[in-house]
Amino acid sequence: MEKWRATSNLRRSLKSILNRQLSSVSEFRYLNEKRSCQSSFNLIRDCKSLGQVNAIQHRCFSSASTLVQRNPSFSTLNSDDISYFKGLLGEKSVIQDEDRLETVNTDWMHKYKGSSKLLLLPRSTEEVAQILRYCNSRCLAVVPQGGNTGLVGGSVPVFDEVIVNVSSMKNIISFDKVSGILVCEAGCILENLLSFLDNQGFIMPLDLGAKGSCQIGGNVSTNAGGLRLVRYGSLHENVLGLEAVLANGDVLDMLGTLRKDNTGYDLKHLFIGSEGSLGIVTKVSILTPPKLSSVNIAFLACNDYSSCQKLLMEAKRKLGEILSAFEFLDTEAMNLVLHQFDGVRNPLPASMHNFYILIETTGSDESYNREKLEAFLLSSMEDGLISDGVLAQDINQASSFWRIREGVPEALMKAGAVYKYDLSLPVEKMYDLVDDMRIRLGDLAKVVGYGHLGDGNLHLNVSAPEYDDKILEQIEPYVYEWTSKHRGSISAEHGLGLMKANKIYYSKSAETVQTMASIKKLLDPNGILNPYKVLPHSLNS
């Protein structure tokens, strides 16, 4: 009888939680907005003369100082080059305006800043091919660029590289409603593709906080992960084909739309995640799933990380095919969002909790899916895995939940200096690193942990009022060594770019890296494509 009463009380508690109405949440600026950051992220460049070789000391505040030397084999722009590009592209697509160049020379976090004197805006694959053919003949270094929303300095120049921005290539070429296959140009903004597919009754398998600015070509080139990888997988699984232009101007037409094609090497995978270092992606074909009518989102609280892990295991078992997202943030991350954005409120206002979980389910039967989620939540409460929670009652509440999770990166930016690390680790070990870093740093800085728990991706952030060498010395190389010790990846979804190019050996063997360098040498013998990125500088020069 007592057990029945306890269960009855839990059911009443659950019902109260599920029916809780949230106060409206004020809009705040998304991570993807193009804006000036309030925090100062200045890149200090100590120019030095090293004989015939120019060198700069990059003080990248989220990574240890790295001496990068300009490759002396690269040419510098001259008036003949400008005349050629104007003849090819027209005056309006050859940008030398200082204000425009200031924007494209700087990453959105204001951590990295190049000194390019030229921005090119090709409108077609053929124009990209002619640009690269010419640059290769002149040995002019090139940086491919899309929405410029990266976090590791991969999409901006290091020195005076020519910027080739594909944002003018934004056509949707075709969409097949029977197969769900979308073919489009690389400059399509992700949010525009999401809207287009929504009108067609489909969704993109990729969703990012930066969707309003990032472009599909850049997404593919960085193998962007996103919020629903646990359901739909990575772009390696969803991209059926692509078109890419090599450094010498050759166009590789791999724009297949077949789900099965075992004729030889599947070369498209070389370009997915290569960060523009092997070729410029110009077109993509991608498999998109149909939009399902039933979407439910729960925002939950857990007392400890062990409960978060167990909740994930139970979610995979009991929600199975309808589980589409499993995100987590700790109390430090939640506090940042609440304090940095006016009008944002905690969905669980009774008290602050140690951990918060956002679960999303997607299916085709609203009644069945909701009952399944409610049953899962009830059993999780009975087992003590959930200390509190709320199930979104409408789209506005669902959006407010996602705003909290997607707002963490910008909240960190608004709070001051931030050192960012994007790591893949065994789920059972993920939060151990956060705890270790708190002990290691003490009162020097706040350590914030959040990310994609469903696929083992930790976003480790160290927040401080200002940048300090003492803090950086405590973080690096400790974070990389810790990750390597636990056989993790130092780059889960953000790429290597400039920030982690020399750190690649923490995750890859020397033989593997050498093979990568051999592929780079084969496809780009002069090394003009996105130099100083991805591979160690000793192999890139």
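In this convention, every chain numbers its residues from 1, walking through the sequence in written order. Side-chain atom pairs in this predicted model are given and counted only at pLDDT of 80 or more, local residue features only at pLDDT of at least 70, and totals for whole chains, interfaces and linings cover all residues. Hydrogen atoms and water are omitted, and side-chain values are computed over all heavy atoms in the structure.

As annotated in an unreviewed UniProt entry, the protein chain carries the name D-2-hydroxyglutarate dehydrogenase and comes from Gossypium mustelinum. Reading the Cofactor (unreviewed entry) entry of the UniProt record for the protein chain gives the comment "FAD". UniProt positions are given in the numbering used here, feature names are shortened, and annotations may be inferred rather than shown by experiment. UniProt annotates the protein chain under Catalytic activity (unreviewed entry) with the comment "(R)-2-hydroxyglutarate + A = 2-oxoglutarate + AH2".

With respect to the pairing of strand β14 (residues 323-330)
The buried label goes to any residue with under 20% of its type's maximum accessible area, the exposed label to any with over 50%, and the partly exposed label to all in between, with areas taken from a 1.4 Å probe on protein chains only. In this text, helices come from DSSP runs of H or I with a minimum length of four residues, and strands from runs of E with a minimum of two, each type numbered from the N-terminal end. When you tally the buried positions in β14, you get eight out of eight residues, the bulk of the element. Each pair of strands is called paired provided DSSP finds at least two bridges between the two strands. Note: β14 against strand β18 (residues 446-452), two bridges, orientation antiparallel. Residue pairing across strands places leucine 329 opposite tyrosine 450, the latter belonging to β18.

Section: the pattern of salt bridges
For this document, the term salt bridge refers to a Lys or Arg side-chain nitrogen within 4 Å of an Asp or Glu carboxyl oxygen. Tallied over the entire structure, the rule returns 19 salt bridges. Of the charged contacts, one joins aspartate 81 and arginine 138 as a salt bridge, the two residues approaching to 2.8 Å between their closest N and O atoms. You can see aspartate 81 sitting in helix α2 (residues 79-89) and its partner arginine 138 sitting in helix α4 (residues 125-138), a full 57 residues away along the chain. Since its relative accessible area comes to 0%, aspartate 81 is described here as buried. On the basis of relative accessibility, which here comes to 23%, the residue arginine 138 falls in the partly exposed class. One salt bridge in this structure joins aspartate 330 and arginine 438, with 2.9 Å as the shortest N-O distance. Of this pair, aspartate 330 sits in strand β14 while arginine 438 sits in helix α14 (residues 430-441), and the two are 108 residues apart along the sequence. Among the charged side chains, a salt-bridge network with shared partners connects Asp207, Lys211, Arg228, Glu360 and Glu406.

Some remarks on the pairing of strand β7 (residues 162-165)
Taking every second residue as pointing to the same face, both faces of β7 are buried, with Val162 and Val164 on one and Ile163 and Asn165 on the other. The sheet contact formed by strand β5 (residues 119-120) and β7 spans two bridges and is parallel. Residue pairing across strands places leucine 119 opposite isoleucine 163, the latter belonging to β7. Of the pairings in the sheet, the one linking strand β6 (residues 142-145) to β7 comprises four bridges and is parallel in character. By the bridge assignment for β7, valine 142 is matched with valine 162.

Considering the packing of aromatic side chains
By convention, a stacked pair of Phe, Tyr or Trp rings (six-membered ring in the case of Trp) has centres within 6.5 Å and planes under 30 degrees apart, an edge-to-face pair has planes over 60 apart, and any other such pair is tilted. The full count for this structure, using the stated rule, is 17 aromatic pairs. On the numbers, 5.2 Å between centres and 70 degrees between planes, the contact of phenylalanine 159 with tyrosine 532 is edge-to-face. With a gap of 373 residues between them, phenylalanine 159 in the loop between β6 and β7 and tyrosine 532 in the loop between α17 (510-523) and α18 (537-540) connect regions that are remote in the sequence. Between tyrosine 305 and tyrosine 431 the ring centres are 5.5 Å apart and the planes differ by 25 degrees, which places this aromatic pair in the stacked class. Of this pair, tyrosine 305 sits in helix α10 (residues 305-318) while tyrosine 431 sits in helix α14; the two residues are 126 residues apart in sequence, bridging distant segments of the chain. Residue classification places tyrosine 305 among the buried residues on the basis of a relative accessible area of 8%.

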